[in-house]
Amino acid sequence: MKALLYSGLPQNKYFEKIITELGYDIIPYRIMADIKSDDDIKLNVPVPVHNWMLDEISVINEKYNLNGPKPLAVNKIANKFNFYNLLTELNIPRPNYCIQLNTEADYDVKYPAVIKPWAFSGSKEVKIVENKEEAVEHVNKYPDSKFLLEEFIEGKYVGLNGSIVNKKLHIWGCQLAQLCYTGCPYPVMPLYWTEDIELPASVITYLELIFNAVELDNTTTQIELFVDENTHELKSVIELNLRQGVTGLPVWNQLYAGDDPLKESIKLAAGEPCSFNTNLKQNMASLRPNIGGGRIVDIKWPKQTFNGIVEQNLIKGTVLSANPVDCFECNKLGRILVLDPDVNVAIAKAYEYQNNIITIRENNTTYIGNKNVV
């Protein structure tokens, strides 16, 4: 058996080990031209990849009849305006308006609103705006991007991670969360996972309608929703993140079951159903650190004294922004995830860790957290 593996990122050494253990011969590729038509490919493992590779990957999935999103799903879901229209066609709860910003008149909507790129951004360039002037100012900051303006929905934010097997949703984890909005892009960290919840059957039915409409099956997904605070009934689907059969799984899934989500996800991409369903069972604070701006000459991470994970992405030579404007900027440093039965304790520990990161900046200045120490 052969498996395609996107080989552009160093993290894939980890995937290579597990894929080999499962009995696959790995065919590395960077672009479609590297793949020979006579390759007997049984598994597509382009992980971890970025959203802008979806077009390429979906064509490979269709050409070789591999699991994961096909071009139809990418067109209907990854393009956020098309996704809004799909929700409208299926009569699924969604914002009352979603407008492509082409003329000045397009800004004349009811505020507050969420402004976001048409496609493929994650949290990049996404922001809550309170009025027309803020919306215009935000668009002018990114002259090469095309934006949508969408109604801002009030409700409880839910993050759902799971798999789609035989057109049915299998939930790995589903948590309510608290988002911090003020003066920052949307969604913005810190993001506090506050409790596990069970969604009503009606919400699952809505989501499975989407899967069927775009022929999405035997893959993993991450879904963002707003639900009613009391009943947890659906108020709006925010986003359905397409994964590639095997995904660069959100790090909190790895907190649930160690390596299991990755191994199960590889089985899924080979056409086998996942065999587990895990829950967080603890509260979590997820903090994208901000330690101020400047070029990093050296760094010392504090000793980890809590249950959780610290993503240590920061390397020497990185230039940090003083006030990160999106999650891509924040990701230069990484993320602090703390598990604790008490969410307030988890939040406090996350900030404590952030505030004890030691860095040396240009001109041999030393920082602890975001404070310059003389």
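Residues numbered from 1 in each chain as written. Predicted model: local features only at pLDDT ≥ 70, side-chain atom pairs only at ≥ 80, totals over all residues. Heavy atoms only, no water.

J.: Quick question: what am I supposed to make of helix H6 (residues 201-213) here?
T.: The periodicity of an α-helix, 3.6 residues per turn, causes residues three or four positions apart to be oriented the same way. The end-to-end C-alpha distance of H6, which contains 13 residues, comes to 19 Å, matching closely the 18 Å that a straight helix rising 1.5 Å per residue would cover. Those residues of H6 that fall on the buried side of the exposure criterion are Val203, Ile204, Leu207, Glu208, Ile210 and Phe211. Angularly, the buried residues of H6 cover 150 degrees about the axis, an arc narrow enough to put them on a single face. Glutamate 215 occupies a position one or two residues after H6 and carries a positive phi of about 55 degrees. (Helix = DSSP H or I, 4+ residues; strand = E, 2+ residues; numbered from the N terminus. Expected span 1.5 Å × (residues − 1). Buried < 20%, exposed > 50% of the residue type's maximum accessible area, 1.4 Å probe, protein only. Arc of directions from axis to C-beta.)

J.: Quick question: what am I supposed to make of the packing of aromatic side chains here?
T.: Two aromatic rings are characterised by how far apart their centres lie and by the angle between their planes. Evaluated as defined, the whole model comprises two aromatic pairs. Aromatic side chains tyrosine 157 and phenylalanine 226 sit 6.1 Å apart centroid to centroid with 75 degrees between the ring planes, which places their arrangement in the edge-to-face category. One end of the pair, tyrosine 157, is in strand S8 (residues 156-165); the other, phenylalanine 226, is in strand S11 (residues 219-227), with 69 residues separating them in the sequence. Overall, the relative accessible area of 6% leaves tyrosine 157 in the buried class. Classification of phenylalanine 226 by relative accessible area gives buried; the value is 3%. Where phenylalanine 306 meets tyrosine 353, the ring centres are 5.7 Å apart and the plane angle is 85 degrees; that geometry is what we call edge-to-face. (Phe/Tyr/Trp six-rings, centres within 6.5 Å; stacked < 30°, edge-to-face > 60°.)

J.: Whenever I open this one, the nonpolar core confuses me. Can you help?
T.: The tendency in soluble globular proteins is for nonpolar side chains to be buried as a group. Counting 31 residues, the largest nonpolar core has Leu199, Leu207, Ile210, Leu225, Leu240 and Leu242 as its most contacted members. Among the secondary structure elements, those contributing two or more residues to this core are helix H3 (71-78), helix H4 (80-89), S8, strand S9 (168-179), H6, S11 and strand S12 (234-242). With five residues, the single largest contributor to this core is H6. Core analysis: the next-biggest nonpolar cluster, separate from the first, contains 19 residues, Val310, Leu333, Ile336 and Ile347 among them. (Core = buried A, V, L, I, M, F, W, Y, C linked by side-chain atoms within 4.5 Å.)

J.: Just to check I follow, could you spell out the environment of phenylalanine 147 for this structure?
T.: Inspection of the secondary structure assignment puts phenylalanine 147 in strand S7 (residues 147-151). Residue phenylalanine 147 is classed as buried on the basis of its relative accessible area, which comes to 2%. Through-space distance from the C-alpha of phenylalanine 147 to that of asparagine 102 is 8.5 Å; in sequence the pair is 45 residues apart.

J.: Is there a simple way to think about empty space enclosed by the protein in this case?
T.: In this approach the atoms are scanned with a rolling probe the size of a water molecule, which exposes any empty space left behind. Applying the stated criterion across every chain, the model contains four cavities of 30 Å³ or more. Estimated volume of the second largest cavity: approximately 90 Å³. If you go around the second largest cavity, the residues you meet are Ile77, Lys80, Phe83, Tyr84, Leu87, Pro95, Lys116, Glu150, Val237, Ile238, Glu239 and Leu240. Of all the secondary-structure elements, those providing two or more residues to the lining of the second largest cavity are H4 and S12. (1 Å grid on protein atoms, 1.4 Å probe; cavity = no way out; pocket = protein on both sides within 12 Å on 5 of 7 lines; lining within 4 Å. Points joined across faces, edges and corners; volume = space filled by probe spheres on them.)

J.: Would you mind going over the packing of helix H2 (residues 54-63) against H3 with me for this structure?
T.: Between two packed helices, the angle of one axis relative to the other and the distance separating the axes together describe the packing. Their axes nearest at 8 Å, the elements H2 and H3 cross at an angle of 150 degrees. Between H2 and H3, the angle falls in the class roughly antiparallel. Between H2 and H3, the residues in contact are Leu54, Asp55, Ser58, Val59 and Glu62 and Pro71, Val74 and Ala78, respectively. Of the residues that constitute the contact of H2 with H3, the class distribution is five nonpolar, one polar and two charged. (Axes fitted to C-alpha atoms, helices over the stretch in contact; angles between N-to-C directions. Parallel < 35°, antiparallel > 145°, perpendicular 65-115°, else oblique. Contact = heavy atoms within 4.5 Å. Nonpolar A, V, L, I, M, F, W, Y, C, P; charged D, E, K, R; others polar.)

J.: What is the right way to look at the sheet that holds strand S6 (residues 127-129) in this model?
T.: The strands making up a sheet associate through hydrogen bonds between their backbones, and the pairing can be parallel or antiparallel. Strand order in the open sheet made by the four strands is S4-S7-S5-S6, with antiparallel pairing throughout. The two strands at the open ends of the sheet, each matched to only one other strand, are strand S4 (98-100) and S6. Neighbour to neighbour, the strand axes of the sheet diverge by 30 degrees on average, direction disregarded. Alignment of S4 against S7, held across three bridges, turns out to be antiparallel. Counterpart to glutamine 100 in the pairing with S7 is leucine 148. Sitting on the sheet, H4 is in contact with S4, strand S5 (113-117) and S7, with an inclination near 145 degrees to S4. (Pairing = 2+ DSSP bridges.)

J.: Would you explain a nonpolar patch on the surface in this entry?
T.: Together, Ile358, Ile368 and Val373 make up an exposed nonpolar region whose accessible area comes to about 180 Å². Note that valine 373 resides in strand S20 (residues 371-373). With relative accessibility at 35%, the residue valine 373 sits in the partly exposed group. (Patch = residues over 30% accessible without salt bridge, like charges linked within 9 Å, V, L, I, M, F, W, Y side chains within 5 Å. Areas by Shrake-Rupley, 256 points an atom, 1.4 Å probe, with all protein chains shown as cover. Salt bridge = Lys/Arg side-chain N within 4 Å of Asp/Glu carboxyl O.)

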